[in-house]
Amino acid sequence: MKSNIDKFLSKSLSTYIFLLVIIFIMKLVGLDYFGLDLNNPIITKVDGLFKSWYLKDLWYVFTLWLYGYFIISITCNCNNKEMKIYSIMCIPIFYLATYLETKYSIMILNCFIDFGYLLLLSYLFNLRYKCVSNKKLILNYAKIIILNLFFQIISVITRVGYFEKSNYNFIVNFILDLDYLLLFIIYHKLYFEGGERICLEMVVSSFLQRKINLKKSLKKLQRNLDSFKKLNKVDKLTYIIYLQLSLLWNTLSVILILLVAKLNNTFIECIFILTSFWLSKRQFGKPFHLKSMSQCFVVSNLTYYILNRVTTPLGISIFIPILLGVSLSYFTSKLVKSENPKLYRGIPIDEFDKKILKVTDKNSLHYKICYMYYIERKSELEISHKTNYSIDNIKKIKSKINKNIEKLQ
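Residues numbered from 1 in each chain as written. Predicted model: local features only at pLDDT ≥ 70, side-chain atom pairs only at ≥ 80, totals over all residues. Heavy atoms only, no water.

### A look at the pattern of salt bridges
Applied cut-off: Salt bridge, as used here: a side-chain nitrogen of Lys or Arg that lies within 4 Å of a carboxyl oxygen of Asp or Glu. Strands are runs of DSSP state E lasting at least two residues, helices are runs of H or I lasting at least four, and both sets are numbered from the N terminus onward.
Under the counting rule described, the total for this entry stands at 7 salt bridges. Note that E406 is salt-bridged to K342, the shortest N-O span being 3.9 Å. Of the two residues, E406 sits in helix α17 (residues 391-407) while K342 sits in the loop between α13 (319-339) and α14 (349-356), which places them 64 residues apart along the sequence.

### Some thoughts on unusual backbone geometry
What counts is decided by this rule: Under the scheme applied here, a residue whose accessible area is under 20% of the maximum for its type counts as buried, over 50% as exposed, and between as partly exposed, the area being computed with a 1.4 Å probe on protein chains only.
Even without a glycine there, the phi angle at Y54 is positive, about 55 degrees. Tracing the sequence through the fold places Y54 in the loop between α2 (41-52) and α3 (56-75). Classification of Y54 as exposed rests on a relative accessible area of 72%. At N265, a position not held by glycine, the phi torsion is positive, near 60 degrees.

### Side note on the packing of helix α15 (residues 365-375) against α17
Here is the rule: Note on method: axes are straight lines fitted to C-alpha atoms, helices fitted across the in-contact stretch only, with angles between N-to-C directions ranging 0 to 180 degrees. By the definition adopted for this analysis, an angle is roughly parallel if under 35 degrees, roughly antiparallel if over 145, roughly perpendicular if from 65 to 115, and oblique otherwise. The criterion used for residue contact is that any of the two residues' heavy atoms lie within 4.5 Å. Residues are grouped as follows: Ala, Val, Leu, Ile, Met, Phe, Trp, Tyr, Cys and Pro are nonpolar; Asp, Glu, Lys and Arg are charged; every other residue, Gly included, is polar.
The contact between α15 and α17 brings their axes to 10 Å, and the two run at 95 degrees. Taken together, α15 and α17 sit at an angle that is classed as roughly perpendicular. Across from H366, I369, C370, Y373 and Y374 in α15, the residues of α17 making contact are I394, I397, K398, I401 and N402. Split into classes, the residues belonging to the contact of α15 with α17 amount to 7 nonpolar, 2 polar and 1 charged.

### Some remarks on the side chain of D353
The line we're drawing: Counting of polar contacts relies on pairs of N or O atoms within 3.5 Å, with two restrictions inside protein: one atom must be capable of donating a hydrogen and the other of accepting it, and residues adjacent in sequence are counted only when both atoms are side-chain atoms.
Considering the arrangement of structural elements, one finds D353 in helix α14. A polar side-chain atom of D353 sits 2.6 Å from a polar atom in the side chain of Y367.

### Quick notes on the packing of aromatic side chains
Defined as follows: Here a Phe, Tyr or Trp ring, Trp counted by its six-membered ring, pairs with any other such ring whose centre lies within 6.5 Å, and the pair is stacked when the planes are under 30 degrees apart, edge-to-face when over 60, and tilted otherwise. Two limits define a charge over a ring: the Lys NZ or Arg CZ must be within 6 Å of the ring centre, and within 35 degrees of the ring normal.
For the coordinates displayed, the defined rule picks out 33 aromatic pairs. Plain terms: the ring middles of Y69 and F70 are 5.9 Å apart, the flat faces sit at 45 degrees to each other, and that makes the pair tilted. Each member of the pair, Y69 as well as F70, carries the same accessibility label: buried. Positioned above the aromatic ring of Y373 is the side chain of R345, whose terminal nitrogen or guanidinium carbon lies 4.1 Å from the ring centre.

### Topic: the environment of L324
Its location among the elements puts L324 in helix α13. Taking C-alpha positions, L324 is 8.1 Å from S276, a pair spaced 48 residues apart along the chain. Contacts of L324, omitting those with residues within four sequence positions, involve I273, L307, V310 and T311.

### Some points on the confidence of the model for the chain
What counts here: The predictor reports its confidence for every residue as pLDDT, a score running from 0 up to 100.
The pLDDT averaged across the chain works out to 83; a share of 87% of its residues lies at or above 70. At the low end of the mean pLDDT range in the chain sits helix α9 (residues 197-229), at 61; at the high end sits helix α4 (residues 81-89), at 94.

Right, here's the structure in full:
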């Protein structure tokens, strides 16, 4: 369960990075659809609430503490009780640094203040508790600051268009903070689950994985073309008609979903939800499918209608529509797992072990063959070369394992 949650958070973050870069490129070529919605009724109500209850300063202090805590804890590679207490004690310094930035409003000076006091506070904590070496401290700090700048620059250019923080009113800061806080909370959790590798994985692996998926899709397409060439004329015609009808049906389904979203003024938000769902569709295991196309049509349209109603506008948050799309992929995959007792390609390792270890030993060849096929997604031909088993024998082993698992259900 824990690995599934981590995978969900990781996929949400990598999808957000991928789409953020896409909309940043769109912004650079003049397609400006992702600016802040400062007149949104929700935001104006929040602004009025914060004004009436004098909560603005409290919000600034809270976000200052949270950002400072995230950066210092990652720099020192420490997330214990002492770090939390230390970060709270540093709140006056966070506030003083922000006051100086606002008063002088010189970009180079502001950067120097930010980089300087956060590094100094990290160094002082590390000096007391000896969490990492000084060299490691500098390296960790450089990584988190570079990542921090990457998101801030892209977010500000995409959403606001200028960097003068002193010109930001409370609403602008609040909207920018929404996505940034969610991003940092997820990143911080994943960092202390996966260590340093998360820095590289979250920024790079998303694009590498898509490159790998593209290669696999091209190989699958080539295999399908080879199989198609071997069919007789009647089977070829049947296949072509079925493919065209299937594409037409799916296209009409997407058009209807987008049409309903357009009527609800959530057209772009719906595109983000759909894209996030498609990008993560196969990341949590076998995709969920209903028994008939008509059932799928009704449920899909109803589901996306609900998501379009609950999502926030892009003018408030880009991350939330993405989170909803990935959540849809995650929870529909759970429906498959609850209905299907068998092993399937892409099954999480903890679920794989839970099922297969009931019928075979972890050191057995049967386990290793199933691991290569279901977890590593190797082809039967590759497994045959590694184990010196024939493809027919490999199929029999997989079938026998799955039958034994089904008997235990």
